[in-house]
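# Structural characterization, general
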Amino acid sequence: MPSRKAISLTAAAAALTLGLTACGGGGEGGGGGDGEALQYGYVLPQTGDLAHLGPPQEQAAKYALQEINGAGGVNGAELPDFLEGDEANDAAQANDAATRLIDGGANVIIGAAASGMTQAIMDNVTSNEVVQCSGSNTAPGLAEEDESGYYWRTAPSDLLQGPVLAEKIASDGHQSVAITYRADDYGEGLANATADALEENGISVDYNEGYDPNAPNFDAVVGEIANAQSDAVVMVSFEEGVQIITGLIEEGVNADQMYATDGLNDETLGEKVDSDDPGTIAGFQGTAPDVGEDTFMNGLREFAPELEVFQFAGQVYDCMMVTALAAEQAGSNVPGEFVGEMEAVSKDGTECASFEECKQLIADGEDIDYQGVSGPINFDENGDVTQATFQVYGFDDKGEHSKVDAITVP
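Bear in mind the structure is a predicted one, so any value in this text is a computation, not a measurement.

### Section: the packing of helix H3 (residues 91-103) against helix H4 (residues 115-127)
- Packing of H3 against H4 brings their axes to within 8 Å, and their N-to-C directions diverge by 30 degrees. For the pair H3 and H4, the sense of crossing is right-handed. Taken together, the residues of H4 that come into contact with H3 (itself represented by Ala-91, Ala-94, Asn-95, Ala-98, Thr-99 and Ile-102) are Met-117, Ala-120, Ile-121, Asn-124 and Val-125.
- Here the residues of the contact of H3 with H4 are counted per class, giving eight nonpolar, three polar and no charged.

Put into structure tokens, the structure is as follows:
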């Protein structure tokens, strides 16, 4: 695909030619050179089977907005409140939400959370020259599907996570694995990346099949996994994975044989599996993009003390920071003018770790290298991060969640 800087210059020229006429966030309602503030919106799961991933992403975005405004805002103006939209894990609803945000003048849309929901809204958002940044899209190849240059993600591709999970399973001594996954781009991509890495480690994959996440029950899936009699089980699931875990335990599969990914990285998972005895899932483990470094996490907990789940909080915070810094670097809130700075502010400059610090460096005329709370960021020309930090999470005999390890790749 063409370079993003070339795309952004083309988009900017086109916008000037058209007089910035009505094209959603890229038009007059989008602000920028006329002194209007940079407007953010988000399309995140407020309802649906991913609703547990909504609060950490929303609160992280609002925390970032507070930090940005505390440093004087972007291009001389504080950021207004978010325009909000619910993706609900429903393609039509997600696209309607995106349209409302675009019509409301959003310059940047954070989200969607699910890779499938981003596929539902991406063309709508990017064709209106609105920057889209997701902190939780992990499906392989997703960034390459966008030819506009307006889509970016701070979450790492599952092509990076699969080998991390496989290495964890191998280090625990398992020799055979059964994999089950929700039959969508997220599930299939991560399941296959894990299966390939397991086989490269000399571990046999006895079973690797998808399931309908909207099925009334998962008895057939549970039965097939149990019959495989593998050493370990991998589940690439969202909320429906609770039913699979419960069924496997009833079939005699121990929780310490079970592994999962970010879709089940839920601090309340033990209570959801067995509210009477959360310790039922003792030994259950998984991998996920790391939620964020300690200083950020402490600040987020103070900002939003009611949060129980934190998955993808750091990545969303980084989406906010890198888009705001790109606008500051460009000296414009017009998406077609600042999108070309997204890659540039993420690498090959003076390292900085906060909006205030980075903003001052920009004012001093320096190129910056924003160091994210979720990892180095370092965007490539497709809008993918090239490095990422993953956590290995687990549950103890009280059902309490903890981060067991952190692994940075490559």
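Still more to cover.
### Comments concerning the sheet that holds strand S5 (residues 151-153)
- Spatially, five strands are ordered S2-S1-S3-S4-S5 in an open sheet, and the strand pairing comes out parallel. If you trace the sheet from one side to the other, it starts and ends with strand S2 (83-86) and S5, each paired once. Neighbouring strand axes in the sheet, compared pairwise and without regard to direction, differ in orientation by 20 degrees on average.
- Note that strand S1 (residues 40-44) and strand S3 (residues 108-111) share four bridges and pair parallel.

### Focus on the packing of helix H6 (residues 158-171) against helix H7 (residues 185-200)
- The interhelical angle for the contact between H6 and H7, taken along N-to-C directions, is 45 degrees, at an axis separation of 8 Å. Relative to H7, the element H6 is oriented oblique. Relative to H7, the crossing made by H6 is right-handed. Taken together, the residues of H7 that come into contact with H6 (itself represented by Asp-158, Leu-159, Gln-161, Gly-162, Pro-163, Leu-165, Ala-166 and Ile-169) are Tyr-186, Leu-190, Ala-193, Thr-194, Ala-197 and Leu-198.
- Grouping the constituent residues of the contact of H6 with H7 by class yields 10 nonpolar, three polar and one charged.

Rules behind the numbers
Residues numbered from 1 in each chain as written. Predicted model: local features only at pLDDT ≥ 70, side-chain atom pairs only at ≥ 80, totals over all residues. Heavy atoms only, no water. Axes fitted to C-alpha atoms, helices over the stretch in contact; angles between N-to-C directions. Helix = DSSP H or I, 4+ residues; strand = E, 2+ residues; numbered from the N terminus. Left-handed = near helix turned anticlockwise from the far one by under 90°. Contact = heavy atoms within 4.5 Å. Nonpolar A, V, L, I, M, F, W, Y, C, P; charged D, E, K, R; others polar. Pairing = 2+ DSSP bridges. Parallel < 35°, antiparallel > 145°, perpendicular 65-115°, else oblique.

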